[in-house]
Amino acid sequence: MLRFVARNLNNVYKFSELQKFGVSFLGSGNAEYLENLFDQWYLDNKSVPATWDSYFRQVLESNNFDFTPEPQNGQSVSVRLDGQSGVRKLLSDHFRVLLLINKYRHRGHEKSQVDPLDLEHIQQIGKVKGYTKLDYSEYFTQEDLDREFYIHAIGSTGITKDKQMMKLRDLINYLEKAYCGKISYEYMHIQSNEERDWFRDQIEKYDEFMPSKEQKLKTFERLGQEHAFSTFLQKKFNTSKRFGIEGCDSMISGLQSLIDAAASAGAEHVVFGMAHRGRLNTLYNVFQKSAEEIMVEFQDLKSTFNEDIWGNSGDVKYHLGSVHNVLFGDKKLRLEMLPNPSHLETVDPCVYGKVRAIQDYFQDSKREKAFGVLIHGDAAVSGQGIVYESLQMADLEGYKSGGIIHVVSNNQIGFTTVPKDSRSGLYCTDIAHAISAPVIHVNADEPELVDKVFKIATEYRYKFKRDIFIDLVGYRRYGHNEQDQPKFTQPIMYEKIDKTPPVFIKYSDKLIAQGIVTKEQVDNLMKTHEDNLELAYQKSRKMDYNLKDWQPVPWEMIKVPVLWGRIKDTGVPLNVLKTLGEKINKIPNEFNAHPQIRKFYEERLSWIQKDQPIDFAAAEAMAFGTLLHEGFNIRLSGEDVQRATFSHRHAVIHDQKDPNGQDYVPLHSVIPKGQEHRLSIYNSHLSEYGVLGFDYGYSITNPNTLVLWEGQFGDFANGAQIIIDNYIASAESKWDVDSGLVMLLPNGMDGQGPEHSSGRVERFLQLSDDDPAVFEKNLGVRLTRQMRNSNMQIVQCTTPANYFHALRRQLRRDFRKPLIAMTSKRLLRLQAAKSKLIELTTQFNQVYDEAFPEFLVEPNQVKRVILCSGQVYYDLIKKREELKQNNVAILRIEQLAPFPYEFLQKIIGKYNKAEFVWVQEEHMNYGPWAFVRPRIQSVLAKTTNISNSPIQYIGRKPSGSPATGFHQLHEKEIQTLLQKAFEI
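Residues numbered from 1 in each chain as written. Predicted model: local features only at pLDDT ≥ 70, side-chain atom pairs only at ≥ 80, totals over all residues. Heavy atoms only, no water.

We apply this condition: UniProt positions are given in the numbering used here, feature names are shortened, and annotations may be inferred rather than shown by experiment.
Labelled according to an unreviewed UniProt entry, the chain appears under the name 2-oxoglutarate dehydrogenase, mitochondrial, originating from Paramecium pentaurelia. The UniProt entry for the chain carries the following text under Cofactor (unreviewed entry): "thiamine diphosphate". We quote the UniProt Sequence similarities (unreviewed entry) comment for the chain here in full: "Belongs to the alpha-ketoglutarate dehydrogenase family."

1. Details of the overall build of the chain
To keep it simple, the criterion reads: A run of DSSP states H or I qualifies as a helix once it reaches four residues; a run of E qualifies as a strand once it reaches two. Both are numbered from the N-terminal end. A 1.4 Å probe rolled over the protein chains alone gives each residue an accessible area, and that area as a share of the maximum for its type sets the label: buried under 20%, exposed over 50%, partly exposed in between. Pairs of residues are marked as contacts when any of their non-hydrogen atoms sit within 4.5 Å. Where accessible areas are quoted, they stem from the Shrake-Rupley method and a 1.4 Å probe; at the residue level, only the protein chains shown are allowed to cover.
Summing up its helical and strand segments, the chain has 32 helices and 24 strands in all. Sorting the 984 residues of the chain into buried and exposed places 60% on the buried side. In the chain, 79% of the contacts between residues at least 6 apart in sequence involve partners at least 24 apart. Total accessible area on the chain stands at roughly 40,400 Å², and carbon and sulfur atoms take up 49% of it.

2. Here we look at the sheet that holds strand β19 (residues 847-848)
To be explicit about the condition: Strands pair, by our definition, only if DSSP identifies at least two bridges between them. All axes are obtained by fitting lines to C-alpha atoms, using only the stretch in contact for helices, and the reported angles, taken between N-to-C directions, cover 0 to 180 degrees.
With mixed pairing, the five strands of this open sheet are ordered in space as β19-β21-β20-β23-β24. Two strands close off the open sheet at either side, each with one partner strand: β19 and β24 (952-956). The pairing of strand β20 (residues 864-868) with strand β23 (residues 915-923) spans four bridges and is classified as parallel. Opposite Leu867, over in β23, you have Trp918 as the bridge partner. Across the sheet, helix α32 (residues 967-981) touches β20, β23 and β24, and the angle it forms with β24 is around 160 degrees.

3. Quick notes on the packing of helix α17 (residues 503-513) against helix α18 (residues 519-540)
Applicable threshold: Three classes are used: nonpolar for Ala, Val, Leu, Ile, Met, Phe, Trp, Tyr, Cys and Pro, charged for Asp, Glu, Lys and Arg, and polar for all others, with Gly counted as polar.
It is at 9 Å that the axes of α17 and α18 come closest, and there the two elements cross at 145 degrees. Where α17 approaches α18, its residues Phe504, Ser508 and Ile512 are matched on the opposing element by Lys519, Val522, Leu525 and Met526. Taken together, the residues of the contact of α17 with α18 sort by class into five nonpolar, one polar and one charged.

4. With respect to empty space enclosed by the protein
The line we're drawing: For each structure, a 1 Å grid was placed over the protein atoms alone; sets of points admitting a 1.4 Å probe that cannot get out are labelled cavities, open sets with protein on both sides within 12 Å along at least five of seven lines are labelled pockets, and lining residues have an atom within 4 Å of a point. Grid points are joined across faces, edges and corners, and a volume is the space filled by probe spheres set on the points.
For the coordinates displayed, the defined rule picks out ten cavities of 30 Å³ or more. The volume enclosed by the second largest cavity comes to roughly 130 Å³. What lines the second largest cavity is a set of 13 residues, and nearest its centre among them are His648, Glu710, Tyr803, Thr823 and Leu828. Among the elements that line the lining of the second largest cavity, the one with the most residues is helix α21 (residues 616-630), at three residues. Looking at the lining of the second largest cavity, its residues break down into six nonpolar, three polar and four charged.

5. Some words on the environment of His654
Here is the rule we go by: N or O atoms within 3.5 Å of each other form a polar contact, as long as, within protein, one can give a hydrogen and the other can take it, and as long as residues adjacent in sequence are counted only when both atoms are side-chain atoms.
Locating His654 in the fold gives a position in the loop between β13 (633-638) and β14 (679-683). Taking relative accessible area as the criterion, His654 reaches 38% and is therefore assigned partly exposed. Each C-alpha atom, one on His654 and one on Val665, is 9.0 Å from the other, the two residues being eleven residues apart in sequence. Within the structure, the side chain of His654 is placed 3.0 Å from the side chain of Asp663, a separation counted as a polar contact.

6. Observations regarding the confidence of the model for the chain
For clarity, the threshold we go by: You can read pLDDT as the predictor saying how much it trusts each residue, on a scale of 0 to 100.
Overall, the predicted model of the chain reaches an average pLDDT of 87, with 87% of residues at or above 70. Counted against residues more than four places away or in other chains, residues 68-72, with its pLDDT under 50, gives eight contacts. Scored below 50 in pLDDT, residues 74-85 makes 34 contacts in the model with residues more than four places away or belonging to other chains.

7. Here we look at helix α15 (residues 447-464)
What counts, and what does not: Given the number of residues in a helix, its expected span is that number minus one, multiplied by 1.5 Å.
Along its 18 residues, α15 runs 26 Å from first to last C-alpha, staying within 8% of the 26 Å computed at 1.5 Å per residue. With respect to burial, α15 is a largely interior element, 15 of its 18 residues being buried.

8. With respect to the pairing of strand β12 (residues 468-473)
Threshold: When the strands point away from the viewer, a crossover counts as right-handed if the route from the first strand across the helix to the second turns clockwise.
Most of β12 sits inside the fold, with six of its six residues counted as buried. The alternating pattern of β12 places Ile468, Ile470 and Leu472 on one face and Phe469, Asp471 and Val473 on the opposite face, and all of these are buried. Direction of pairing for strand β10 (residues 404-410) relative to β12: parallel, over a ladder of six bridges. Paired with Val408 across the two strands is Asp471, which belongs to β12. Two strands pair when backbone bridges link them, and strand β11 (residues 439-443) and β12 are joined in this way by five bridges, in the parallel orientation. Considered in β12, the bridge of Val442 is made with Leu472. For the crossover from β11 across α15 to β12, the handedness is right-handed.

9. Here's the deal with the sheet that holds β11
One open sheet accounts for eight strands, arranged β5-β11-β12-β10-β9-β6-β8-β7; its pairing is mixed. Each end of this open sheet is capped by a strand with a single partner; those strands are β5 (183-186) and β7 (322-328). The sheet shows a mean angle of 20 degrees between the axes of neighbouring strands, taken without regard to direction.

10. Structural notes on the side chain of Ser835
For Ser835, the location among the structural elements is in the loop between β18 (819-824) and β19. Of the residues examined, Ser835 reaches a relative accessible area of 0% and is grouped as buried. Within polar-contact distance, the side chain of Ser835 engages the backbone nitrogen of Ala801 at 3.0 Å. Ignoring sequence-local partners within four residues, the contact set of Ser835 consists of Pro613, Ile614, Thr799, Pro800 and Ala801.

11. Observations regarding the pattern of salt bridges
Basically, it comes down to this: Criterion for a salt bridge: a side-chain nitrogen of Lys or Arg within 4 Å of a carboxyl oxygen of Asp or Glu.
Within the structure shown, the criterion is met by 44 salt bridges. For Asp260, the salt bridge identified is with Arg222, shortest N-O distance 2.9 Å. Of the two residues, Asp260 is situated in helix α8 (residues 250-265) and Arg222 in helix α7 (residues 213-236); the sequence distance between them amounts to 38 residues. The exposure class assigned to Arg222 is buried, which follows from its relative accessible area of 16%. Ionic pairing is found between Arg649 and Glu710, a salt bridge with its closest N-O pair at 2.8 Å.

12. Things to note about the packing of aromatic side chains
Note on aromatic pairs: each is described by the distance of the centres and the angle between the planes. Operational definition: Paired rings are identified among Phe, Tyr and Trp, the last through its six-membered ring, by centres lying within 6.5 Å, and are further divided according to the angle between planes into stacked (under 30 degrees), edge-to-face (over 60) and tilted (the rest).
All told, the structure shown has 31 aromatic pairs when counted by the stated rule. Judged by centre distance (5.1 Å) and plane angle (65 degrees), the ring pair of Phe140 and Phe149 falls under edge-to-face. Here the two residues Phe140 and Phe149 agree in accessibility, since each one is buried. Centre to centre, the rings of Trp929 and Tyr953 are 5.3 Å apart; their planes meet at 45 degrees, and the pair counts as tilted. Highlighted residues: Trp929 in helix α31 (residues 929-942) and Tyr953 in strand β24, separated in sequence by 24 residues.

13. A few points about the nonpolar core
To keep things clear, this is the line we draw: Nonpolar core, defined: a set of buried Ala, Val, Leu, Ile, Met, Phe, Trp, Tyr and Cys residues in which side-chain atoms within 4.5 Å join the residues together.
Counting 86 residues, the largest nonpolar core has Tyr696, Met743, Leu904, Trp918 and Ile936 as the members making the most contacts within it. Leaving out residues up to four positions away in the same chain, Met743 has contacts with Leu692, Trp709, Ala717, Ile724, Ile728, Phe764, Leu819, Ile820 and Ala821. Core analysis: the second largest hydrophobic core is formed by 70 residues, Leu100, Met166, Leu175 and Phe371 among them.

14. Digging into unusual backbone geometry
The amide bond that connects Ala897 to the next residue, Pro898, takes the cis arrangement and shows omega of -10 degrees. Mapped onto the elements, Pro898 comes out in the loop between β22 (895-897) and α30 (901-908). Even without glycine at this site, Gln288 takes up a positive phi of about 60 degrees. With respect to the helices and strands, Gln288 occurs in the loop between α9 (279-285) and α10 (291-299). Of note in the backbone geometry, Gln412 takes a positive phi value of approximately 65 degrees without being a glycine. Positionally, Gln412 belongs in the loop between β10 and α14 (419-422).

Listed below in structure tokens is the structure:
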């Protein structure tokens, strides 16, 4: 052990005061290091870092030690020590004080009083906090309590900046109030010193928080309105589910405080996402949705309902969204609540995406005009993986939105599951540590403190543009829904809840005691609200309810195309294609591109200049380029999309020599300078569920942006099935929310095994609302109306030209629909799968007739018509050539849904002596077969002069796995089905 020697005393101290602390940054070996550092400084202050020199000087000066202020070179600092009160003891005292202070800063939240029910030690619930015992006796004795200690720390904030000396007793009391009261904080894990310092100032200057009488009255009135609303609904609709907020009522006042702070900060848009718990309360109190509308929903009085109107299915009242504009003087703040399903937390990435889309639309690079608020449940925020997938977007360039405010409405129960069974961590908000987000825990029965916390959170988000969590700890007054009996599973907890007055009653009594309001004022406030709600109820009995009343309004009207023909025309003039094609396929000579990528672009440029057929990658780039040229925007995101999984896109080219060099994006060449933001191509983190949800949220915001999400392999979309089922496939029907999102799903049986073959087209087809009865009844629904009255489109394009038209069609019309595009991996480089430029001047083909009629017999002599979809077409063509069979025609269905009944009928009529078969490369229980079978049969039945025999199936047999993992078996299976396809 190094010895500390007081050289201008005769004493030699062998015992180190510092080394008895073995549990911190000042413990054990670190104490020796600090002693050694002081020895060095004592001999030569220049031998230690300037910060330590400053520290030692300040400690000595502040404690009246004499030393030579500026020693000359070669001289030591002269210090006069006085026995046991020497520097060693002084440093020991100071470090012990800092240890105590830091322990409160790090772990004070574990001793806090944020639970209004005080459930901490109830075995039924589980001990959910209190790992650390905060006790001064770990560092000091009882005799030390009335001693003064030096507490100042250089470069610190809070009390260690503002105070020099404090009695230990006073310091402990101060820290207890700051860190262990009814607000507690987790912020010491934040990596940024600036953020930690800012938070420390907010916390340790708590005595500056004194709400004015006006603020208290505002909180009182807000809580009163909420209490009256909840009470009225409970009385009037006591047999209905409403998922009330009672027990966390103060969240309503807190959210309104947040909106006040947001307006002051200059916000123009706030996007909310939340589950069903407290949703109606929020819509009524915060969004000012009328009580009449809400009560109409309770009574199911939507008289405008007509089951014959497409897309009119609706949803339960606690899933609906809303839009409301709040005026603050001459400023308008737009509030939007996204609709969402019962799948908890699934709205999270949608909020991230919508907020980012608003910011991009307004070119808000500072992320100040719009932000998001996510309201979580305590069980959901710790249990649902989508929370983590969403949080990972916080600092990603293509996904960040400048900070989301997360509010956990912490009922301390999930349905019937208590914290000890619903999470492993100390708090439900522990996931915040994954992105170094601060957490503020607050007692929900302290509305003044709740308002303060929501204000702090808003200020933090605006100052640092980062996510922050509020853990609003309360309870759930009733069961999971109001008909549940919670005492079956939590008897002790609900015995306490039954004895706990509502927060409004508690707060009213407090203000009455303070002389701020009277009992008469409280009663009058309640009567006013109750009378208004009763009047609203009576009106609601006669009110027609219109779905549009709560529909989120698009930010921008759909841009009507003006170039190159009518709205539905997707073709582009040949001269324009060549001009744009040359621009987007050139890499500047001075740019250090990889040789293979340069060759890749040179080859594509050659195709354009020589009018040669182009491949799928070139067609996609042409679709993007022409849309950008027309004034539309493009956003493409997903795993590895800049290069593309199969190395075919290379949309963002990296400098091979300069590590600081900027990337080159060829598509920028068709965008006017300064408008590069109109094209966004981002590699995502390794997430399907989260990123698809983000891009869906983005797509519902600006209809003039083509938003595309690409799966690394189509199979991987099953990780995002909740977004597909509950938003993409059904949102327009449930909520009247439109989306033009494109899903690109690499698909095809290429012998790569079960997880790299099938894009699961059968799942999407099952979700399609295409109705064969419409065709069978001869209702004459043609292209535009059929598309408009469908929930999504599903295509398998076999030519680059059709892929080009499918993408452009998304924006070249006056409505928006999701597009599911099954994209072939093999066709990306298949020479036979290329298109001439002239084919890009036409339009999308839903069905391709026989491509080589000149090599076949006359149509009325054809013996078999093969119907297929996707890349198997090229296998069939090759097999037919091998067999030299000229009496089999091959038709391709490019658009599977909505099914092209009339297009197919128009083509097949001439094959009046043929039998019809369906060929697919997938197993029988996969692929399009189950979907197309009844629809093709309907077409056959409605077409005169042709065989109406049941259509036959040719393909792989049923299987539990999408594809074999053995390449030889794969080859055998494909050859077997191809052979069978031509056996007449």
